[in-house]
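Report on the structure
As a plain string of letters, each chain reads:
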Amino acid sequence: MNRQSSQRSENVKANILTQTNRQTGLTRGVSALMLGLALVFAQAISANAKMPESFADLADQVSPAVVNITTSTTVAGMDQGPRPIVPEGSPLEDFFKDFLDRQQDGQRSRRSSALGSGFVISEDGYIVTNNHVIDKADEIEVEFFSGEKLDAELIGTDPKTDIALLKVESDKPLPFVSFGDSDAARVGDWVVAVGNPLGQGFSVSAGIVSQRGRALSGTYDDFIQTDAAINRGNSGGPLFNVDAEVIGVNTAILSPSGGSIGIGFSMASNVVTKVVDQLKEFGETRRGWLGVRIQDVTEDVAEALELASAKGALVTDVPEGPGKEAGIKAGDVITTFDGAEVEDTRELVRLVGNTTVGKAVRVVVIRDGKSETLKVTLGRREEAEATAVPVAMDKADAEESTVLGMTVAVLNDELREQLALDEGVEGLVVKEVAEDSDAFEKGLRAGDLIVEAGQQKITSVDDLEARIEEAREGGRKSFLMLIRREGDPRFVALSLEE
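All of these numbers come straight from a predicted model, not from anything done at the bench. (Residues numbered from 1 in each chain as written. Predicted model: local features only at pLDDT ≥ 70, side-chain atom pairs only at ≥ 80, totals over all residues. Heavy atoms only, no water.)

**Topic: the overall build of the chain**
Convention followed: Only DSSP runs of H or I with at least four residues qualify as helices, and only runs of E with at least two residues qualify as strands; both kinds are numbered from the N terminus onward. Relative accessibility under 20% of the residue-type maximum defines a buried residue, over 50% an exposed one, and the middle range a partly exposed one, all with a 1.4 Å probe and only protein chains included. We call two residues contacting when some pair of their heavy atoms lies within 4.5 Å.
Secondary structure summary: the chain contains 12 helices and 27 strands in total. Classification of the 498 residues of the chain by burial places 39% in the buried group. Contacts spanning at least 24 positions in sequence make up 62% of the contacts within the chain whose residues lie at least 6 apart.

So, in structure tokens, the structure goes:
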């Protein structure tokens, strides 16, 4: 009996231990499950924290600084031209009198109005809008969210970025908004557009940044693309981030119908702030000027120049100016400007334009396969653009040949007259281009003037053929030429492969 009792006791203990282990395992499983759910909920809460439940607070905060802009312009009446002569007492006299009176009413000078948006950037009344909103306006009126209306004075404009700066006078400090860092905006970030779309003032629309660094047609374009609804009348209005900072000025829409289809463009604030600062200080922009003509370095151009990569800006011409004084030459590839890497021509134009006029900067170029550093004192672009820069070249003879799919001829008086070239021009004229040739694919056409081949000046067909032979002997797959079309220079790399 004692042995049986002992066995029962052991069995009971084993059962209790088994149940305890099961409960412990269950408890651990439940704990792990709860911990996992807690992590999921924490992540969900974190995600929701980044997604605003409402933009109402933001709208309340910024609306007092956003304005509707109304402009008035006098449109001159059209010349009425000769009036018909009707004999006095004629039955048609009254008819023609009524007709001409109505015509005269329609051709009198009249007032034209336009609507847009803007925003206050300082308590003393400076307002930013688009240049096209106030262009040619005689009167500019701004309406505030409170209903107050004030006349605005135009301080300055920059058509290149489509930005204008206005000023209103008020006997009290005005509500204003601040610029943010547009470079910090990421694709997918929330943004809010406020403005006067289709005349429906103080409207708010929300969306995301759908792309960065868009270029439309301007030299200094740096647009933020957004799907926040932007329509006519939104022009000049602000694009806000969730911190109520202006990261863009709503400027354009891409739409086949004229209405928003989810593709709007806002000029990046980091471009706008530089323009606004100059307009406020000078009433105009003052951009740096390097004084060179440039083009992008393509893969075939890079191969022809034996560059490691297709990066930088290829100099095609150096007229009189800062670049020429510093020793920059056609054929140089600019790789660094004032310590910043140059990816392409757009990047170089932006870097130069944002640099102070008169500043001495270091420019690194690749010339004949070697790196050189030049020091350039920048001029002012606006002054350079106001002065026509002549294009210089020189003389020629009269032979003709077909090379790389092009029929070329040395200049003579007849060709010079046909092409309206100055008497001292030097090079080969392209008379014909075979449509199945690489030259045709690269855009060469009859009338183009070949000025350099293999980065050397040419005056005859023999010069051209010699440069081509040198490139082939050097094992190059492509051949670089400098051409001019209507005075504008451009490098073209043609394939040497048979």
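Now that the structure has been shown, we can carry on.
**Side note on the nonpolar core**
Which entries qualify depends on this criterion: Here the nonpolar core consists of buried residues drawn from Ala, Val, Leu, Ile, Met, Phe, Trp, Tyr and Cys, with membership extended through side-chain atoms lying within 4.5 Å.
Core analysis: the largest hydrophobic core is formed by 26 residues, its most contacted members being V128 and F240. Among the secondary structure elements, those contributing two or more residues to this core are α2 (56–62), β3 (126–130), β6 (163–168), β7 (190–195), β11 (246–253), β12 (264–268) and α5 (269–282). Looking at this core element by element, the count peaks at 5 residues for α5. If we skip the residues at most four places from it in the chain, V128 touches G118, F119, I121, I163, A164, L165, F179, G236, V249, V272 and V276. Judged by nonpolar contacts, the second largest core, of 22 residues, contains V433, L464, M481 and L494.

**Describing the pattern of salt bridges**
The line we're drawing: Salt bridge criterion: a side-chain nitrogen from Lys or Arg within 4 Å of a carboxyl oxygen from Asp or Glu.
Considering all chains together, one arrives at 19 salt bridges under this definition. For R287, the salt bridge goes to D158, with nearest N and O atoms at 2.6 Å. Taken as a pair, R287 in the loop between α5 and β13 (288–289) and D158 in strand β5 (residues 149–158) lie far apart in primary sequence, 129 residues in all. Residue R287 is classed as buried on the basis of its relative accessible area of 5%. Note on D158: relative accessible area 3%, which makes it buried.

**With respect to the side chain of D448**
Going by this rule: Residues adjacent in sequence count toward polar contacts only when both atoms are side-chain atoms; beyond that, a polar contact is any pair of N or O atoms within 3.5 Å, and within protein one must be able to donate a hydrogen and the other to accept it.
Looking at the element boundaries, D448 is found in the loop between α11 (438–441) and β24 (449–453). Assessed through its relative accessible area of 1%, D448 is described here as buried. Polar contacts involving the side chain of D448 include one to the side chain of R485, which spans 2.7 Å.

**What about the sheet that holds β12?**
Worth spelling out the cut-off: Strand pairing is assigned whenever DSSP identifies at least 2 bridges connecting the two strands. Helix axes use the C-alpha atoms of the stretch in contact, all axes being lines fitted to C-alpha atoms, and the angles between their N-to-C directions lie in the range 0 to 180 degrees.
Taken together, the 6 strands give a closed barrel; going around it, the order is β7-β8-β9-β12-β11-β10, and neighbouring strands pair in antiparallel fashion. Each strand axis lies, on average, 45° off the axis of its neighbour in the sheet, ignoring direction. The pairing of β11 with β12 spans 5 bridges and is antiparallel. Bridged to V249 within β12 is M267. With respect to the sheet, α5 is in contact with β11 and β12, its orientation differing from that of β12 by roughly 50°.

**As for the packing of aromatic side chains**
The condition is simple: Whether two aromatic rings pair depends on their centres lying within 6.5 Å, for rings of Phe, Tyr and Trp, where Trp uses its six-membered ring; planes under 30 degrees apart make the pair stacked, over 60 edge-to-face, and the rest tilted.
Overall, the coordinates contain 4 aromatic pairs when judged by the stated rule. Judged by centre distance (5.9 Å) and plane angle (75°), the rings of F119 and F179 are edge-to-face. In this pair, F119 is assigned in strand β2 (residues 110–120) and F179 in the loop between β6 and β7, connecting sequence segments 60 residues apart. Geometrically, the ring pair formed by F145 and F202 is edge-to-face, given 5.2 Å between the ring centres and 80° between the ring planes. On the criterion of sequence distance, the pair formed by F145 in the loop between β4 (139–143) and β5 and F202 in the loop between β7 and β8 (203–214) is long-range, its members being 57 residues apart.

**With respect to the environment of A59**
Locating A59 in the fold gives a position in helix α2. A59 sits 133 residues away from V192 along the chain, and the two C-alpha atoms are 8.6 Å apart.

**A few points about unusual backbone geometry**
The phi torsion at E306 lies on the positive side, around 60°, for a residue other than glycine. Looking at where E306 falls in the secondary structure, it is placed in the loop between α6 (299–304) and β15 (313–317). We classify E306 as exposed; its relative accessible area is 56%. With a phi angle near 50°, L404 is a residue other than glycine that sits in the positive phi range. Assignment of secondary structure puts L404 in the loop between β21 (400–403) and β22 (406–410). We classify L404 as partly exposed; its relative accessible area is 25%.

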